[in-house]
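Geometric and topological summary
For reference, the chains in residue letters:
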Amino acid sequence: MQAARGTSLSDATTTPHPSSSTGPGARLTGLFAVVALAAYALDLGSKLLAVDKLTGHPDVPVVGNLLVLHLTRNPGAAFSTGTSYTVALTCVAIVAVLVVLALSRKVGSVGWAIALGLLLAGVSGNLTDRIFRSPGPLRGHVIDFLMLPHWPVFNVADMCINVAAGLILLQAFRGIRINGTRTSPSQEPGE
């Protein structure tokens, strides 16, 4: 459309917002969402299966003594620490979900999209247990069922959180910010 004297009413040089439906931001947001939903579904499905098949049954060796299915309900955090702080852990998880969702709007690289998707899935998976499992809302125990020798029992959500942490560290070492820009080699941390 044109205004008087031939001037265009729309600016043809306007670039789409990164989260527009056609730009790379939309693809990265989609990747983030697909990773988060797939990993979350895998975590929930595996926990439902573990509770159904392992409750009241002995441990199931999967790979000899290297990987054993052992059902446990964890009221605490990693390594069953903080078992008397279940409500506080639930509140921290709620805040973490909100922070990850806010950060996901800034994603500008595939690595960050995958990392934040896995992080959201992991935190949300364990948060779902805290909200909906017994002994009650905000106090629910997390279902753990994967056991390695000399390691605490864990679940798919825990794996997602650890892989996400590794990917975030990798992105940081590579100098890739969450928005996809790179830090310059001469830039020192803290500048």
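Since the structure is predicted, the reported quantities are computational estimates derived from the model, not experimental observations.

Regarding the packing of helix α1 (residues 24-54) against helix α4 (residues 156-174)
Where α1 contacts α4, the two axes come as close as 8 Å, and the packing angle between them is 150°. By the angle class used here, α1 and α4 are roughly antiparallel. Along its contact with α1, which presents Ala 39, Leu 42, Asp 43, Ser 46 and Lys 47, the element α4 presents Val 156, Ala 157 and Cys 160. In terms of residue class, the contact of α1 with α4 is made up of 5 nonpolar, 1 polar and 2 charged.

Looking at the packing of helix α2 (residues 86-104) against helix α3 (residues 110-132)
Packing of α2 against α3 leaves a shortest axis separation of 9 Å and a crossing angle of 150°. As summarised for this structure, α2 and α3 are arranged roughly antiparallel, according to the angle between their axes. The two elements α2 and α3 cross, and the hand of that crossing is left-handed. Contacts between α2 and α3 pair Thr 86, Leu 89, Thr 90, Ala 93, Ile 94, Ala 96, Val 97, Val 100, Leu 101, Leu 103 and Ser 104 from the former with Leu 116, Leu 119, Leu 120, Val 123, Ser 124, Leu 127, Arg 130 and Ile 131 from the latter. Class assignment for the residues of the contact of α2 with α3 results in 14 nonpolar, 4 polar and 1 charged.

Looking at the confidence of the model for the chain
Mean pLDDT over the chain stands at 87; residues scoring 70 or higher make up 83%. Overall, residues 10-20 carries pLDDT values under 50, and its contacts beyond four positions in sequence, including any with other chains, amount to 6 contacts.

Focus: the sheet that holds strand β1 (residues 60-63)
An order of β1-β2-β3 is seen for the 3 strands of this open sheet, with the pairing classed as antiparallel. Where the open sheet ends on each side, the last strands, each with one partner, are β1 and β3 (142-147). Geometrically, the sheet is characterised by an average inter-axis angle of 35° between neighbouring strands, direction not taken into account. Direction of pairing for strand β2 (residues 67-74) relative to β3: antiparallel, over a ladder of 5 bridges. Of the residues in β3, the one forming a bridge with Leu 69 is Leu 146. α1 rests against β1, β2 and β3 of the sheet, and its axis sits at about 80° to β3.

Details of the pattern of salt bridges
Under the definition given, this model contains 4 salt bridges. Here Asp 43 makes a salt bridge to Lys 47, at a shortest N to O gap of 2.9 Å. Placement of both Asp 43 and Lys 47 in helix α1 is noted, with a separation of 4 residues, approximately one turn of the helix. The residues Asp 43 and Lys 47 share a single accessibility class, namely buried. In this structure, Lys 53 engages Asp 52 in a salt bridge whose closest nitrogen and oxygen atoms are separated by 3.8 Å.

Some points on a nonpolar patch on the surface
Where nonpolar side chains cluster on the molecular surface, the patch consists of Val 60, Val 62, Val 63, Leu 66, Leu 148 and Trp 151 and spans about 520 Å² of accessible area. Relative to the assigned elements, Val 63 resides in strand β1.

A word on the pairing of β2
Of the strand pairs in this sheet, β1 and β2 are connected by 3 bridges, and their pairing is antiparallel. Pairing of Pro 61 across the sheet is with Val 68, part of β2. In textbook terms, the turn of a hairpin is the stretch between consecutive antiparallel strands, and for β1 and β2 this stretch comprises 3 residues, one of which, Gly 64, has a positive phi near 55°.

Section: the nonpolar core
Counting residues in hydrophobic clusters, the biggest one holds 30 residues, and the most contacted among them are Leu 116 and Phe 145. Taken together, the elements giving at least two residues each to this core come down to α1, α2, α3, β3 and α4. Considering every element that reaches this core, the biggest residue donor is α3, with 9 residues. The contact partners of Leu 116, leaving out residues within four places of it in the chain, are Phe 32, Val 100, Leu 103, Ser 104, Val 107 and Ile 178.

Quick notes on the rules
- Residues numbered from 1 in each chain as written.
- Predicted model: local features only at pLDDT ≥ 70, side-chain atom pairs only at ≥ 80, totals over all residues.
- Heavy atoms only, no water.
- Axes fitted to C-alpha atoms, helices over the stretch in contact; angles between N-to-C directions.
- Helix = DSSP H or I, 4+ residues; strand = E, 2+ residues; numbered from the N terminus.
- Parallel < 35°, antiparallel > 145°, perpendicular 65-115°, else oblique.
- Contact = heavy atoms within 4.5 Å.
- Nonpolar A, V, L, I, M, F, W, Y, C, P; charged D, E, K, R; others polar.
- Left-handed = near helix turned anticlockwise from the far one by under 90°.
- pLDDT = per-residue confidence, 0-100.
- Pairing = 2+ DSSP bridges.
- Salt bridge = Lys/Arg side-chain N within 4 Å of Asp/Glu carboxyl O.
- Buried < 20%, exposed > 50% of the residue type's maximum accessible area, 1.4 Å probe, protein only.
- Patch = residues over 30% accessible without salt bridge, like charges linked within 9 Å, V, L, I, M, F, W, Y side chains within 5 Å.
- Areas by Shrake-Rupley, 256 points an atom, 1.4 Å probe, with all protein chains shown as cover.
- Core = buried A, V, L, I, M, F, W, Y, C linked by side-chain atoms within 4.5 Å.

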